[in-house]
Amino acid sequence: MSPTRRTILQQLSALGALTTPPLALASRLLQNRDSGMSMPGMASTPPSDKPAINGYSLTPFVDELPLFERAKPVSSLHPHNFRITMREIHAKAHRDIPSTRMWSYGDTPLAPLIDVRAHQPLQVEWVNQLPTQHFLPIDHSLHGCGHDVPDVRTCIHLHGGRTPSKDDGFPEDWFVPGKSHIATYPLQQEATALWYHDHAMGLNRLNTYAGLFGMVLLRDDAEDALNLPSGKYEVPLLIYDRQFTTDGQLYYPDSGDPEHPWVSEFGGSCILLNGKMRPFFEVEPRLYRFRLLNTANSSFFNLTLTNRQPFHQIGSDQGLLPAPVKMTNLLIAPAERADLLIDFSQAAGQKIHLINGAVQILEFRVAAKSGQASQPSKTSRLANGISTSDSIPSTLRTVDRIPESAATVTRTVTLHEYFDKIGNSMLMLLNNKHWHEPVTETPKLNSTEIWEFINLTEDTHPMHLHLVRFQILDRRVFDVFKYQNNQGTRYLAAATPPDLNEQGWKDTVHCPPATITRIIVRFDGYPGRYLYHCHILEHEANDMMRPFEVIA
């Protein structure tokens, strides 16, 4: 079996082999191309006078990991009311390259952290002060992205939020520079890490790549009672990849066809954490909590620590797991969150690295001594939370499994990809339907349904549903050829349950190729129109996104 595009991209990224734009390189490896033609889905190279930087050739661990600043309420009388402004900024992603033009929800590449209590309504005025011209290649042939709409427009989605439809960030509810939108988020949900990002129709991939994303932490009493690491020992951590030209500017590839510049996906050789390429972070020899979020457009990250040192995952997209899961590697897809505990108590004076594939991407410099006055006992409960892995609670939060019998409807969603005559990707669809076609999924409010994603493509797709949280039931490999030729569903293996770190509440699920992935969803919250889509942003843009409507 020939490798998929993403397999090649991941292998090249892990080996540090990217010296040309990765999709172009992957395409050449996958099949022979007509060298005289540039087609949609095939990346172009940067201008010859400004070639791309090979991120792996830059000196690593020379920049300190930036830390979040908390968003400040508009007044002390309204602690859950915020005003957040989108603007163009210039900042250095690495010591040795010039400042980069990018967009942000704040004054730095690291947007303000919204840190609030669950079950207390949050109000945000989103202010658009961006330029009126985009600096990345717009594909005006994509749905909702024609020449009849402004080139710069934004729409904010609180990813993972249980939000009324009018404030959910429907892709067509965009607004332009000089305008603002006030959204209310009830936050009637358990403690977790959410994130906010652009969702403007056809532009999400470019606006997010430019830098429009940030994090939200919800707290509640149940999580507080666990006494997890807090304060400076709790570190939100955003991971994503980019490509830069030698003058330090963001490079986003295009197909070479000016009428259809869309590309199906790509990965960059420059991996950033909190806005810096391969930074270092000084830690004490104790337990830390890392709130990890993958904000990449297309890339999955396969993460380990030096010498495969174990760590614990205690939460996923929608909050705490039932129990800690001891792990030595984590595969995290775009839009997924992972709540991790890493214990540095046995590494005093050492350097520990976070590794993606075979490449060290973050250096932890462990101090010789703890900042605490004395080493705590196993049972001590400090102001900044438990300090060694010996003290991690054995149970975290009750997660009642939804029985399949609770579902009144089973919906089938097929995932398709279409190619031109020489194998370039041209279009992605769900159930063979475009975004603009009539709604076909109409769950009833407070009903429970099973959704099965039948992946007929060669890629793993991280599928995301707005409004709801869900549980993964199972995955099962099947014969794609027979299915596509109307010969029924022939399974090739027994169904496999979700991994231990997937057995909490989710809002984004890996759907591997040639696999039927089943989730069970309760559509509680609010009636109205929402959407579901692949969270590879290039796929979402063309046209792997569909609306659904919750009917009261």
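Residues numbered from 1 in each chain as written. Predicted model: local features only at pLDDT ≥ 70, side-chain atom pairs only at ≥ 80, totals over all residues. Heavy atoms only, no water.

**Looking at the overall build of the protein**
Looking only at helices and strands, the protein features six helices and 29 strands. If you take every contact in the protein between residues at least 6 apart in sequence, the share linking residues at least 24 apart comes to 77%. Carbon and sulfur atoms make up 50% of the accessible area of the protein, which totals about 21,000 Å². (Helix = DSSP H or I, 4+ residues; strand = E, 2+ residues; numbered from the N terminus. Contact = heavy atoms within 4.5 Å. Areas by Shrake-Rupley, 256 points an atom, 1.4 Å probe, with all protein chains shown as cover.)

**Looking at the sheet that holds strand β19 (residues 351-356)**
Strands pair in a sheet through their backbones, by hydrogen bonds, and they do so in one of two ways: parallel or antiparallel. Strands sit in the order β12-β20-β19-β14-β17 across an open sheet of five strands; the sheet is mixed. Edge positions in the sheet fall to β12 (280-283) and β17 (329-332), since each has one partner strand and no second. Neighbour to neighbour, the strand axes of the sheet diverge by 25° on average, direction disregarded. Of the pairings in the sheet, the one linking strand β14 (residues 301-305) to β19 comprises three bridges and is antiparallel in character. (Pairing = 2+ DSSP bridges. Axes fitted to C-alpha atoms, helices over the stretch in contact; angles between N-to-C directions.)

**A word on the environment of Ser 316**
As for its placement among the helices and strands, Ser 316 is situated in strand β15 (residues 311-316). Between the alpha carbons of Ser 316 and Trp 505 there is a distance of 7.1 Å; along the sequence they are 189 residues apart. In this structure the side chain of Ser 316 is engaged in a polar contact, spanning 3.4 Å, whose partner is the backbone oxygen of Trp 505. (Polar contact = N/O pair within 3.5 Å; in protein donor to acceptor, adjacent residues only side chain to side chain.)

**What about the layout of surface pockets?**
By rolling a water-sized probe across the atoms, one finds the places where empty space is left. One number sums up the size of the largest pocket: a volume of about 480 Å³. What lines the largest pocket is a set of 25 residues, among which Glu 69, Gly 106, Asp 107, Leu 110 and Pro 112 lie closest to the centre. At six residues, the largest contribution of residues to the lining of the largest pocket is made by strand β1 (residues 81-91). Here the lining of the largest pocket is composed, by residue class, of twelve nonpolar, five polar and eight charged. A volume near 300 Å³ is recorded for the second largest pocket. If you trace the second largest pocket, you find 18 residues lining it, with Leu 331, Asp 499, Asn 501, Glu 502 and His 510 closest to the centre. (1 Å grid on protein atoms, 1.4 Å probe; cavity = no way out; pocket = protein on both sides within 12 Å on 5 of 7 lines; lining within 4 Å. Points joined across faces, edges and corners; volume = space filled by probe spheres on them. Nonpolar A, V, L, I, M, F, W, Y, C, P; charged D, E, K, R; others polar.)

**As for the nonpolar core**
With 101 residues, the main nonpolar core has Ile 114, Trp 126, Tyr 196 and Phe 364 as its most contacted residues. Among the nonpolar cores identified, the runner-up in size contains 26 residues, and Phe 300, Leu 415, Phe 523 and Val 550 belong to it. (Core = buried A, V, L, I, M, F, W, Y, C linked by side-chain atoms within 4.5 Å. Buried < 20%, exposed > 50% of the residue type's maximum accessible area, 1.4 Å probe, protein only.)

**Focus on the pairing of strand β24 (residues 461-465)**
Burial within β24 is extensive, with five of its five residues counted as buried. As defined by bridge partners, β24 adjoins strand β28 (residues 528-534) across three bridges and the pair is classed as antiparallel. Each bridged residue has a counterpart across the sheet, and for His 464 the counterpart in β28 is His 533.

**A look at the packing of aromatic side chains**
The geometry of an aromatic ring pair comes down to the distance between the two centres and the angle between the two planes. Inspection of every chain in the model, using the stated rule, returns 25 aromatic pairs. Measuring from centroid to centroid gives 5.6 Å for Tyr 209 and Phe 266, while their planes differ by 50°, and the two rings are tilted. Here Tyr 209 is found in helix α3 (residues 204-210), whereas its partner Phe 266 is found in the loop between β9 (234-242) and β10 (270-273), with 57 residues between them in sequence. Comparing Tyr 209 with Phe 266 shows no difference in burial state: the two are buried. Summarising the aromatic geometry, the rings of Tyr 288 and Phe 290 are spaced 6.1 Å apart at their centres and angled 20° between planes, so their arrangement reads as stacked. The exposure classification of Tyr 288 matches that of Phe 290, with both residues buried. Ring pairing ties together the aromatic residues Tyr 233, Phe 281, Tyr 288, Phe 290, Phe 344 and Phe 364, which thus form one cluster. (Phe/Tyr/Trp six-rings, centres within 6.5 Å; stacked < 30°, edge-to-face > 60°.)

**A short note on empty space enclosed by the protein**
Enumeration according to the criterion identifies six cavities of 30 Å³ or more in this entry. If you add up the space inside the largest cavity, you get close to 120 Å³. As for the largest cavity, its lining consists of 14 residues, and the residues nearest its centre are Met 102, Ala 210, Tyr 240, Arg 242 and Leu 272. Going through the elements one at a time, β2 (100-104), α3 and β9 are the ones with two or more residues in the lining of the largest cavity. In terms of residue class, the lining of the largest cavity is built from eleven nonpolar, two polar and one charged. As a volume, the second largest cavity reaches approximately 90 Å³. Lining the second largest cavity, in full, are Leu 237, Phe 290, Leu 292, Leu 303, Leu 305, Phe 311, Leu 330, Leu 340, Ile 342, Leu 354 and Phe 364.

**So, the side chain of Ser 425**
As for its position among the elements, Ser 425 is in strand β22 (residues 425-430). A distance of 2.7 Å separates the side chain of Ser 425 from the side chain of Glu 417, its partner in a polar contact.

**As for the sheet that holds strand β4 (residues 122-128)**
Reading across the sheet, the four strands line up as β2-β1-β4-β6 and stay open at both edges, with mixed pairing between neighbours. The open sheet has two edge strands, β2 and β6 (180-185), and neither has a second partner. Across the sheet, the mean angle separating the axes of adjacent strands is 20° when strand polarity is ignored. Bridge count for β4 against β6 is six bridges, and the pairing is antiparallel. Across the sheet, the residue bridging to Gln 123 is Thr 184, located in β6.

**A closer look at the pattern of salt bridges**
Evaluation of the coordinates by the stated rule reveals 33 salt bridges. A salt bridge links Arg 469 to Glu 190, with the shortest nitrogen-to-oxygen separation between them at 3.5 Å. Here Glu 190 lies in the loop between β6 and β7 (193-198) and Arg 469 lies in the loop between β24 and β25 (470-477), a separation of 279 residues in the sequence. Residue Arg 475 is joined to Glu 502 by a salt bridge in which the shortest nitrogen-to-oxygen separation is 2.8 Å. You can see Arg 475 sitting in strand β25 and its partner Glu 502 sitting in the loop between α5 (480-484) and β26 (508-511), a full 27 residues away along the chain. The two residues Arg 475 and Glu 502 agree in class, both being buried. If you follow the salt bridges from partner to partner, you end up with Arg 70, Asp 115, Arg 219, Glu 223, Glu 234, Arg 289, Arg 291 and Asp 339 in one network. (Salt bridge = Lys/Arg side-chain N within 4 Å of Asp/Glu carboxyl O.)

**A few points about the confidence of the model for the protein**
Any residue range with low pLDDT should be treated as having predicted coordinates unsuitable for detailed reading. Averaged over every residue, the pLDDT of the protein is 91; residues scoring 70 or more account for 90%. Counting contacts from residues 1-42, a segment whose pLDDT is below 50, to residues more than four positions away or on other chains yields 105 contacts. Contacts for the low-pLDDT stretch residues 373-381, under 50 throughout, to residues beyond four places or in other chains number nine contacts. (pLDDT = per-residue confidence, 0-100.)

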